[in-house]
Amino acid sequence: MVRSWYELPEYVQLRRVNGLRLSPDGTRLVAPVSSSAPDGRSFRNALWEIDAAPESEGGRAPRRLTRSAEGESSAGFLPDGSVLFGAGRPDPDAEPEDKPEPALWVLPADGGEARRVATRPGGISAFTVARDAGTVAFTANAHPDSADAEAEREVRKERREAGVTAILHESLPIRSWDHDLGPQYPRFFAAAPPEDEDSGLGEHRDLTPDAGKHLIGASGDLTPDGSVLVTSWRVPTGGGSVRTQLVRVDTSTGEHSTLISSETHDYASPVVSPDGRQVLCMRAFDGDADGEPRLVSLCVVDLGTGRERVLAAESELWPRDLAWAPDSAAVFFVADQNGRRPLFRVDLGSGDLTRLTGDHGAYSALNPSPDGRHVFALRDAWDAPPAPVRVDAASEDAEPVHLRTPGSELSMPGTLTEVETTADDGTTLRSWLVLPEEASSDSPAPLLLWVHGGPYMSFNGWTWRWNPWLMAARGWAVLLPDPALSTGYGQQMLRRAWGQWGPRVHDDVMAVTDAAEAREDIDPRHTAMMGGSFGGYMANWIAGHTDRFSAIVSHASLWHLDAFVGTTDHPPVWEREFGTPSTRPERYELNSPHLSADRIRTPMLVIHGDKDYRVPIGEGLRLWRDLVLHEVEAKFLYFPDENHWILSPGNARVWYETIFAFFDHHVFGKEWTRPEHL
């Protein structure tokens, strides 16, 4: 157990498990594991092999499979057990002038050197493999008029040599998260698996030459025989809005047809059943500004008829990480529930829903075993980083069996507990509370309130970006509430604040803060608050509606709601809840924090990344300007090359150091000390 990991120089060096894939024979798993690069400026993935048996059953220690300067990602298996993965490493057999780009590589099942098996101009991104046939379908960006790889290579060269970077947009979206979209857009290609140990994938068949923007953000899956690709497909509906349907594509002819479509729901994340007859997917309703809030459901679609069946609808669970049992008779998924993220099974015959895990863990990356006995997954929790586990596929509320991990096993500098209280409307509100080791009635800890982002999520699992234990190691108690709009508590929890983010969530957060401060081991005289994204929105709202906190940190936050909705990367998502500013101005007046700028008295630290397209930098700039105009004691920590998250090790370290210094100064009265390198 690593016991001093919460010191920043050690923290940014920790290995982090980011995924999990099970081999066809069920004996080993492969996981991308990230760690700091030698120069300390970035994180880099390598693939590690994990024994599917725990140590008590003879499981071997994890071993590293790949090692390159560029790192690897997106691991999967071909039917023969060889590992297919994505990497931007140089190919030793390529021409000297060839620039390395993200490509597909294969690592033989019995070991040996990896070799490149597929590449496209501009690189290859996601891929999926047909379980039996080994057919590979992958996505790669292409310009609209490029008929083949050579044409694509030429158009890229012409733009480069002409010095043209301009993009002409004729429809939304134009940006996503932290990157521009276009002028090239994703297409799906299909290819046969390598014929021998020296060959690459077969001919790349362009399955979607007419895709345009339809495949932005798409995910797809192949039938076991590789004959059909099922993918999500975006369809414009006017005003910049889209709906997402499922499309089936014949991998030999490229002929495609709509599998399922709806005027009111979106379908995404398709997973084809092992018998090749059904598709498991998520069905989403994005909400109605004058009606019900958004809802995500579990859905099975018949691949032949397109007939759908919604599973476990009465549970109001929001499914994710979908997987089939090997006999196609049951499905597995995870969902937020009461501050946890358990693993569930639904039997298709009876419709019965069973919760397989009964601990406080948050599960992801599901891999049912070929014999149907187990589900392999990653498990994390507020007191444990992601690590591989094995779960009994038939037991109810079972404890997971831990496998040997290539990640970091950590000892927490404190304890984890829960706090419950009742809102003014009678709703039960719960929170996690991280307590430092020394907290007691004789030595109460200062309280730091964190509000989660989303807002449609739950504070239920480990995070490397906002890690409360780094604060606990410095003596803070950290309160992690699930207020209105949090998932895992039924749709009523969303209805309570649908279209009225500020007032309702503020009252909930203040109620749980009151409950925490009533504890004998909490010092209510020394309190602070911070949040990012929606949590940053709430930081701004709280700053304008109470002065109970000594300092507030607002990261990547929404400030002027009208401006945000018009500049974020996909405005229609938020317009479905609030309406547009011109049609529903009262919604924006009710919910925009900037209207209370003149009431802010609390010192604030504003943090924003320039590459943030989800909450554009204009929000941070205007917040900072308004604080200066109203002479609020404030600072602005600006990252020119970071997005909604602060990702590089050096910048992440500075992020924490600046927050520590800001709180030391404003909460404890220490002299302000500028962090090193700033």
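As a reminder, the structure under discussion sits directly above these lines.
Engineer: Would you mind showing me how to read the packing of aromatic side chains here?
Structural biologist: The description of an aromatic ring pair uses the distance of the two centres, along with the angle that the planes make with each other. Following the criterion strictly, the structure yields 28 aromatic pairs and no others. Ring centres of Phe138 and Phe189 lie 5.6 Å apart, and the angle between their planes is 15 degrees; on these two criteria the pair is classed as stacked. Of this pair, Phe138 sits in strand β11 (residues 136-142) while Phe189 sits in strand β14 (residues 185-191), and the two are 51 residues apart along the sequence. For the residue pair Phe138 and Phe189, the accessibility class agrees, reading buried in each case. Geometry around Trp432 places Arg430 over its ring, the cationic atom sitting 4.9 Å from the centre.

Engineer: What am I meant to see in the sheet that holds strand β20 (residues 266-272) here?
Structural biologist: By way of backbone hydrogen bonds, the strands of a sheet pair with one another, either parallel or antiparallel. Here 4 strands make up an open sheet; going across it, the order is β20-β21-β22-β23 and the pairing antiparallel. Across the chains shown, the open sheet's two edge strands, defined by having one partner strand only, are β20 and β23 (308-311). Direction aside, the axes of adjacent strands within the sheet are offset by 30 degrees on average.

Engineer: It is not clear to me how the layout of surface pockets should be interpreted in this structure. Could you clarify?
Structural biologist: Any empty space left between the atoms is revealed when a probe the size of a water molecule rolls over them. Considered as a void within the structure, the second largest pocket measures approximately 840 Å³ in volume. As for the second largest pocket, its lining consists of 26 residues, of which Ile124, Ser125, Ala126, Asn141 and His179 are closest to the centre. Listing elements by their share of the lining of the second largest pocket, those giving two or more residues are β4 (43-51), β10 (124-129), β11, β13 (179-180) and β14. Within the lining of the second largest pocket, the residues separate by chemical class into 10 nonpolar, 13 polar and 3 charged.

Engineer: I would appreciate a short explanation of the state of the cysteines in the present structure.
Structural biologist: Cysteine pairs can be linked by a disulfide, which is a covalent bond between their two sulfur atoms. Throughout the structure, instances matching the rule amount to 0 disulfides. Not part of a disulfide, Cys299 finds its nearest cysteine sulfur in Cys281, a span of 4.3 Å. With a relative accessible area of 0%, Cys299 lands in the buried category.

Engineer: I tried to follow helix α5 (residues 501-517) on my own but got confused; where do I start?
Structural biologist: A turn of α-helix holds 3.6 residues, and therefore any two residues three or four places apart point the same way. End to end, α5 covers 24 Å across 17 residues, agreeing with the expected 24 Å (1.5 Å per residue, within 8%). The element α5 is extensively covered by neighbouring structure, given that 14 of its 17 residues are classed as buried.

Engineer: What exactly am I supposed to notice about the pattern of salt bridges here?
Structural biologist: Enumeration over the complete set of coordinates arrives at 37 salt bridges. Across the pair Glu263 and Arg243 runs a salt bridge, and its minimum N-O distance is 3.8 Å. One end of the pair, Glu263, is in the loop between β19 (256-260) and β20; the other, Arg243, is in strand β18 (residues 241-250), with 20 residues separating them in the sequence. With relative accessibility at 67%, the residue Glu263 sits in the exposed group. Connected via shared salt-bridge partners are Arg28, Glu49, Asp51, Arg60 and Arg63.

Engineer: Would you take a moment to explain unusual backbone geometry for this structure?
Structural biologist: When glycine is set aside, most residues are seen to have a negative phi, and most peptide bonds are trans. At the junction of Leu172 and Pro173, the peptide bond is cis and its omega measures out at -5 degrees in the coordinates. In this structure, Pro173 sits in the loop between α2 (149-162) and β12 (175-176). The linkage connecting Gly182 with the following residue, Pro183, adopts the cis geometry, with an omega of 0 degrees. Notably, Ser328 is not glycine yet its phi reads approximately 65 degrees, a positive angle. Structurally, Ser328 is set in the loop between β24 (320-324) and β25 (330-334). In this model, Ser533 sits at a positive phi of 65 degrees, which is unusual for a non-glycine residue. Checked against the element boundaries, Ser533 lands in the loop between β36 (522-532) and α6 (534-543).

Engineer: What is the right way to read the nonpolar core from this model?
Structural biologist: If you look at soluble globular proteins, the nonpolar side chains tend to sit buried side by side. If you look at the biggest cluster of nonpolar residues, it comprises 74 residues, and the most contacted ones within it are Leu449, Trp501 and Ile542. Among the elements that line this core, the one with the most residues is α5, at 8 residues. Sequence-distant contacts of Leu449, that is, excluding residues within four places in its chain, are made with Leu479, Pro481, Val509, Met510, Thr513, Ala528, Met529, Met530, Ile542 and Phe549. Membership of the second largest hydrophobic core comes to 41 residues, among which are Trp382, Met412, Tyr656 and Phe660.

Engineer: Any chance you could explain the pairing of strand β8 (residues 103-107) here in plain terms?
Structural biologist: Each regular strand carries side chains that alternate between the two faces of the sheet. Most of β8 is tucked away, with 5 of its 5 residues classed as buried. Judged by which residues are buried, β8 turns out to be covered on both faces: Ala103, Trp105 and Leu107 on one side and Leu104 and Val106 on the other are all buried. Pairing of β8 with strand β9 (residues 115-118), which is carried by 3 bridges, proceeds in the antiparallel orientation. Note that in β9 the partner of Val106 across the bridge is Arg115.

Engineer: What is the right way to read α6 from this model?
Structural biologist: Counting buried residues in α6 gives 10 out of 10 residues, a clear majority hidden from the surface. Where α6 is concerned, the buried positions are Phe534, Gly535, Gly536, Tyr537, Met538, Ala539, Asn540, Trp541, Ile542 and Ala543.

Thresholds, definitions, all that
- Within each chain, residue numbers correspond to sequence positions counted from 1 in written order.
- Per-residue local features are limited, in this predicted model, to residues with pLDDT of at least 70; the limit for side-chain atom pairs, both in listing and counting, is 80 or more; totals at the level of whole chains, interfaces and linings are taken over all residues.
- Side-chain numbers come from the whole structure's heavy atoms, not from hydrogens or water.
- For this analysis, a ring pair means two rings from Phe, Tyr or Trp (six-membered ring only for Trp) whose centres lie within 6.5 Å, classed as stacked if their planes differ by under 30 degrees, edge-to-face if by over 60, and tilted for the remaining angles.
- Secondary structure counts use DSSP, requiring at least four H or I residues in a row for a helix and at least two E residues in a row for a strand, with both numbered from the N terminus.
- The classification of residues rests on relative accessible area computed with a 1.4 Å probe and restricted to protein chains. Under 20% of the type maximum is buried, over 50% is exposed, and intermediate values are partly exposed.
- We count a charge as sitting over a ring when the NZ of a lysine or the CZ of an arginine lies within 6 Å of the ring centre and within 35 degrees of the ring normal.
- Should DSSP find at least two bridges between two strands, the strands are regarded as paired.
- In this analysis, axes come from line fits to C-alpha atoms, helices being fitted only over the stretch in contact, and the angle between any two N-to-C directions falls in the range 0 to 180 degrees.
- In this analysis the probe radius is 1.4 Å and the grid spacing 1 Å, with only protein atoms considered; a cavity is a set of points the probe fits into but cannot get out of, a pocket is an open set with protein on both sides within 12 Å along at least five of seven lines, and lining residues have an atom within 4 Å of a point.
- Grid points are joined across faces, edges and corners, and a volume is the space filled by probe spheres set on the points.
- When residues are grouped by polarity, Ala, Val, Leu, Ile, Met, Phe, Trp, Tyr, Cys and Pro land in nonpolar, Asp, Glu, Lys and Arg in charged, and all others, Gly among them, in polar.
- Any two cysteine sulfur atoms within 2.5 Å of one another count as a disulfide.
- Working rule for helices: expected span equals 1.5 Å times residues minus one.
- When a carboxyl oxygen of Asp or Glu lies within 4 Å of a side-chain nitrogen of Lys or Arg, that pair is called a salt bridge.
- Residues grouped as a nonpolar core are buried Ala, Val, Leu, Ile, Met, Phe, Trp, Tyr and Cys residues, joined through side-chain atoms within 4.5 Å.
- We call two residues in contact whenever any of their non-hydrogen atoms come within 4.5 Å of each other.

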